[in-house]
Amino acid sequence: AHQTGMIEKYIESFEQGSIAAHMDASRHWIKDIGPAVESYIGFIESYRDPSGARGEWEGFVACVNREVSKKFQVLVDNAEKLLKLMPWPTEYEKDTF
């Protein structure tokens, strides 16, 4: 349901130039938890440079390998313990991002 809603809002955004529709598409994307195939298209980041504000546009499609994801989840679940074993001082670690 969320992927269909996302695509419908993308179409509306691209046909009408509606930023609100694009933001609605992003809201559907956020709610699509754990899809086997994930996609997104749009501005992902803005930043300032000497010429003024610029934005970065991206489109991607990703296929999830659930077996590999399980292995990475083990790393995530053990990150706090594993970080203590890393060869750099703790002052390089961030508690919040």
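Refer to the preceding data block for the structure.
So, a few notes on the structure that sits alongside this text. (Residues numbered from 1 in each chain as written. Predicted model: local features only at pLDDT ≥ 70, side-chain atom pairs only at ≥ 80, totals over all residues. Heavy atoms only, no water.)

Let's talk about the overall build of the chain
Stated formally: Labels follow the DSSP assignment, with helices taken as runs of H or I lasting at least four residues and strands as runs of E lasting at least two, numbered in each case from the N terminus. Three exposure classes are used, based on accessible area relative to the maximum for each residue type with a 1.4 Å probe and protein chains only: buried under 20%, partly exposed in between, and exposed over 50%. The criterion used for residue contact is that any of the two residues' heavy atoms lie within 4.5 Å. Note on areas: Shrake-Rupley with a 1.4 Å probe; residue coverage comes only from the protein chains shown. The positive count covers Lys and Arg only, the negative count covers Asp and Glu only, and His and the chain ends enter neither. Each charge is placed at NZ for Lys, CZ for Arg, CG for Asp and CD for Glu.
From N to C terminus, the chain includes four helices and two strands. Counting from the amino terminus, helix and strand elements in the chain follow one another as α-α-β-β-α-α. Of all 97 residues assigned to the chain, the portion counted as buried reaches 13%. For the chain, the proportion of contacts with a sequence separation of at least 24, taken over those separated by at least 6, is 32%. Carbon together with sulfur atoms contributes 59% to the accessible area of the chain, which is approximately 8,200 Å² in total. Averaging the locations of the 11 positively and 16 negatively charged side chains of the chain gives two centres separated by 4 Å.

Focus: the pairing of strand β2 (residues 52-63)
Spelled out, the test is: When DSSP finds two or more bridges between two strands, those strands count as paired.
Note that strand β1 (residues 37-49) and β2 share twelve bridges and pair antiparallel. By the bridge assignment for β2, Ser 46 is matched with Gly 55. Where β1 hands over to β2, the hairpin turn is made up of two residues, counted between the paired strands.

Description of the packing of aromatic side chains
What counts, and what does not: Each pair of aromatic rings taken from Phe, Tyr and Trp, with Trp reduced to its six-membered ring, is defined by centres within 6.5 Å and is described as stacked if the planes are under 30 degrees apart, edge-to-face if over 60, and tilted in the remaining cases.
Inspection of every chain in the model, using the stated rule, returns four aromatic pairs. Relative to Tyr 40, the ring of Tyr 10 lies with its centre 6.2 Å away and its plane at 75 degrees, an arrangement referred to as edge-to-face. With Tyr 10 in helix α1 (residues 2-16) and Tyr 40 in strand β1, the pair connects residues that are 30 residues apart, well separated along the chain. The exposure class assigned to Tyr 10 is buried, which follows from its relative accessible area of 8%. The exposure class of Tyr 40 is buried, given its relative accessible area of 10%. Taken together, a centroid distance of 6.2 Å and an interplanar angle of 55 degrees make the contact between Phe 14 and Trp 57 tilted. One end of the pair, Phe 14, is in helix α1; the other, Trp 57, is in strand β2, with 43 residues separating them in the sequence. On the basis of relative accessible area, Phe 14 is assigned to the partly exposed category, the value being 46%. Within the aromatic cluster, the residues linked to one another by ring pairs are Tyr 10, Phe 14, Trp 29, Tyr 40 and Trp 57.

What about a nonpolar patch on the surface?
Our working rule: Two joining distances apply to patches: 9 Å for like charges and 5 Å for nonpolar side chains (Val, Leu, Ile, Met, Phe, Trp, Tyr), and every residue must have over 30% relative accessible area and no salt bridge. Counted as salt bridges are all cases of a side-chain nitrogen of Lys or Arg within 4 Å of a carboxyl oxygen of Asp or Glu.
On the surface, Val 68, Phe 72, Leu 75, Leu 82, Leu 83, Leu 85, Met 86, Trp 88 and Tyr 92 cluster together to form a nonpolar patch covering roughly 900 Å² of accessible area. At the level of elements, α3 (66-77) and α4 (79-83) are the ones that each hand at least two residues to the nonpolar patch. It is α3 that contributes the most residues to the nonpolar patch, three residues altogether. Checked against the element boundaries, Leu 85 lands in the segment after α4.

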